[in-house]
Amino acid sequence: MRILLKMMAVCVMGLAGSASALDLDGLRDKLKSQLPPEAAKVAQVAKEVQGPDEQEEIAIGRQIAGNLLGAAPLVKDAKLQKYVNQVGRWVASQSERPDLSWHFGVIQSEDVNAFAAPGGYIFVTLGLYRLLQSEADLAGVLGHEIGHVIRKHHLKILQQSKLVDAGSQALARQSGSSRVQQLIGNGAEIVARSLDKDAEFEADRMGVVLAARAGYDAFGLPAVLQQIGHAATDDNRVALLFKTHPLPADRLAKLEDAMGDRFDHVKGITLEKRLQRVK
Amino acid sequence: MKSGRVLVLCGLLLAAPVVAAEMGSMVRGEELKAEPFRDAKSVKQLAVGDKVQITGKDGGWFKVKAGKSSGWVRMLSVRKGEAKSGVSAASSLLALASGRTATGKVMASTGVRGLNEEELKAAAFNAQELQRAESYAAGKADAQQFAAQGKLVARQFDYLPAAK
């Protein structure tokens, strides 16, 4: 017992420096003042490994979504916006995160693209929406973006680029959205960053499966990719998409390899007539 | 502005019949099938690069005309847009959607807006639009009802492994 105490005292002395081994109250105070920074460091390391929690993820996503909408506002068509939310939420309900507060929207841009931000914020451009020929096509496109959210592909690149670290340091000095803004960099730049090619192929595979789970024809996403692949590579409406994603032909070839004959007997519905048309 | 619209309309009218018979080419050699399933009777063998005319779709299958024969091929074995001479590849749906004519000429540039990295970088937070976007959210129960109206039935399906 005595030896143990002595050993503890030595350890504590090592930690606390000038603490007197016999002054127990003082020792407790010393320990208190020593431990929190250590604990905080542990929490910090854990955060770097696991990533931000769901609340933070949503805060990050909200900021990115708000910035994206600053670049291209929503199409002013409430019926259309409600419709994409219903389709999107139904597809997302088949994922591992059915209870996330998912948001979907069509944005006013003739570009052909779709964006996913952490926390379940997903936007499709009007240019892409015009290419859709059925609700199953929409389900496939949204399924691809839902895949990015589920696998936290964008959150991971934020972490890799050490921005999360910089952000948590800024936390000490700031609060609210300015902190999150610092974390994501400029504007909505993060959504225009290229993900790893494998992350895109993975999201494609998830998109067809999520659409199939939701009861749709699984070939909606491939149909849209074929339609996009039809575009000239010098068409500036696909410039950003082609810059940040593998080319449609590569994505289709990968999907073909992965889908194989697995969907031969999985009949789904396309709901062409229910697709909300746009002007 | 007004004449721009008329021009787009002309473009649509011109290109519409072309879309009805979209062209494609085979990216894999495979059998033209009598019906849209794998063990259906073979009509003939198609080779990589063979031109097909797409006339219909059923799930993962395209109904096509290949030379004098017609039948079904797997959708992912076809690459769209390989057009016959005289029919421009630009007469795609994408071209239509963006107001381009079959010649690939831009007929109307109003409203065409590209989202580039600079624009995204410079974008400022729009709280009002975000609030509007969030107001359209559908709840889980709402989505379920919506699915039922469309006769969509949820089913189990495992995620696909990446092919080697």
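These numbers were taken from a predicted model, which means no experiment stands behind them. (Residues numbered from 1 in each chain as written. Chains lettered and ligands numbered in written order. Predicted model: local features only at pLDDT ≥ 70, side-chain atom pairs only at ≥ 80, totals over all residues.)

1. Let's talk about the overall build of chain A
The following threshold applies: Helix numbers and strand numbers start at the N terminus; a helix is a DSSP run of H or I with at least 4 residues, a strand a run of E with at least 2. Partly exposed residues are those falling between the two cut-offs: more than 12 but fewer than 20 other C-beta atoms within 10 Å of their own, whereas 20 or more means buried and 12 or fewer means exposed, with C-beta atoms placed from the backbone. Our contact criterion uses C-beta atoms placed from the backbone: two residues qualify when those atoms are within 7 Å.
Helices and strands together make up the secondary structure of chain A, namely 13 helices and three strands. In chain A, buried positions account for 50% of the 279 residues. For chain A, the proportion of contacts with a sequence separation of at least 24, taken over those separated by at least 6, is 71%.

2. A few points about the overall build of chain B
From N to C terminus, chain B includes five helices and seven strands. The N-to-C order of helical and strand elements in chain B reads α-β-β-β-β-β-β-β-α-α-α-α. Across the 164 residues in chain B, those meeting the buried criterion constitute 32%. Within chain B, residue pairs in contact and separated by at least 24 positions form 51% of the contacts whose partners lie at least 6 positions apart.

3. Regarding the environment of Lys79(A)
Residues and elements named next belong to chain A. Counting through the fold element by element, Lys 79 comes out in helix H4 (residues 78–92). Since 8 C-beta atoms lie within 10 Å of it, Lys 79 is described here as exposed. For the pair Lys 79 and Asn 236, spaced 157 residues apart in sequence, the C-alpha separation works out to 29 Å.

4. Looking at the packing of helix H10 (residues 197–213) of chain A against helix H13 (residues 248–259) of chain A
Helix packing geometry: the angle between the two helix axes and the distance between the axes. Residues and elements named next belong to chain A. This is how it is decided: Where helices are involved, their axes are fitted lines through C-alpha atoms of the stretch in contact, as for all axes, and angles between N-to-C directions lie from 0 to 180°. Each angle receives one of four descriptions, namely roughly parallel if under 35 degrees, roughly antiparallel if over 145, roughly perpendicular if within 65 to 115, and oblique otherwise. By convention the crossing between two helices is left-handed if the near helix lies anticlockwise of the far one by an angle smaller than a right angle, and right-handed if it lies clockwise. Residue type decides the class: Asp, Glu, Lys and Arg count as charged, Ala, Val, Leu, Ile, Met, Phe, Trp, Tyr, Cys and Pro as nonpolar, and the leftover types, Gly among them, as polar.
One can describe the packing of H10 onto H13 by two numbers: an axis separation of 10 Å at closest approach and a directional angle of 55°. The angle between the axes of H10 and H13 places the two elements in the oblique class. Here the hand of the crossing between H10 and H13 comes out right-handed. Residues Glu 200, Phe 201, Asp 204, Arg 205 and Val 208 of H10 form the contact with H13, whose participating residues are Arg 251, Lys 254, Leu 255, Ala 258 and Met 259. Grouping the amino acids of the contact of H10 with H13 by side-chain chemistry returns five nonpolar, no polar and five charged.

5. Here we look at helix H6 (residues 135–150) of chain A
Worth spelling out the cut-off: A helix is expected to span 1.5 Å multiplied by its residue count minus one.
Compared with the 22 Å implied by 1.5 Å per residue over 16 residues, the 22 Å span of H6(A) between its first and last C-alpha is a close match. Most of H6(A) is tucked away: 16 of the 16 residues are buried.

6. What about the nonpolar core?
Residue and element names in this part refer to chain A. Note the threshold: The nonpolar core criterion groups buried Ala, Val, Leu, Ile, Met, Phe, Trp, Tyr and Cys residues into a set whenever they are joined through C-beta atoms within 7 Å.
By size, the foremost hydrophobic cluster in this structure holds 97 residues, and its most contacted members are Ile 64, Leu 68, Val 91 and Ala 211. Element by element, the count of residues in this core is highest for H6, at eight residues. Leaving out residues up to four positions away in the same chain, Val 91 has contacts with Ala 139, Leu 142, Gly 143, Ile 146, Leu 210, Ala 211 and Ala 214.

7. Overview of the packing of H4(A) against H6(A)
All names here are of chain A. Where H4 meets H6, the axes come as close as 9 Å, and the angle between the chain directions of the two elements is 60°. In terms of their interaxial angle, H4 and H6 are classed as oblique. Once H4 is placed against H6, the crossing between them reads as right-handed. Counted together, Val 84, Val 87, Gly 88, Val 91 and Ala 92 of H4 and Glu 135, Leu 138, Ala 139, Leu 142, Gly 143 and Ile 146 of H6 form the full contact between these two elements. The class makeup of the residues in the contact of H4 with H6 is eight nonpolar, two polar and one charged.

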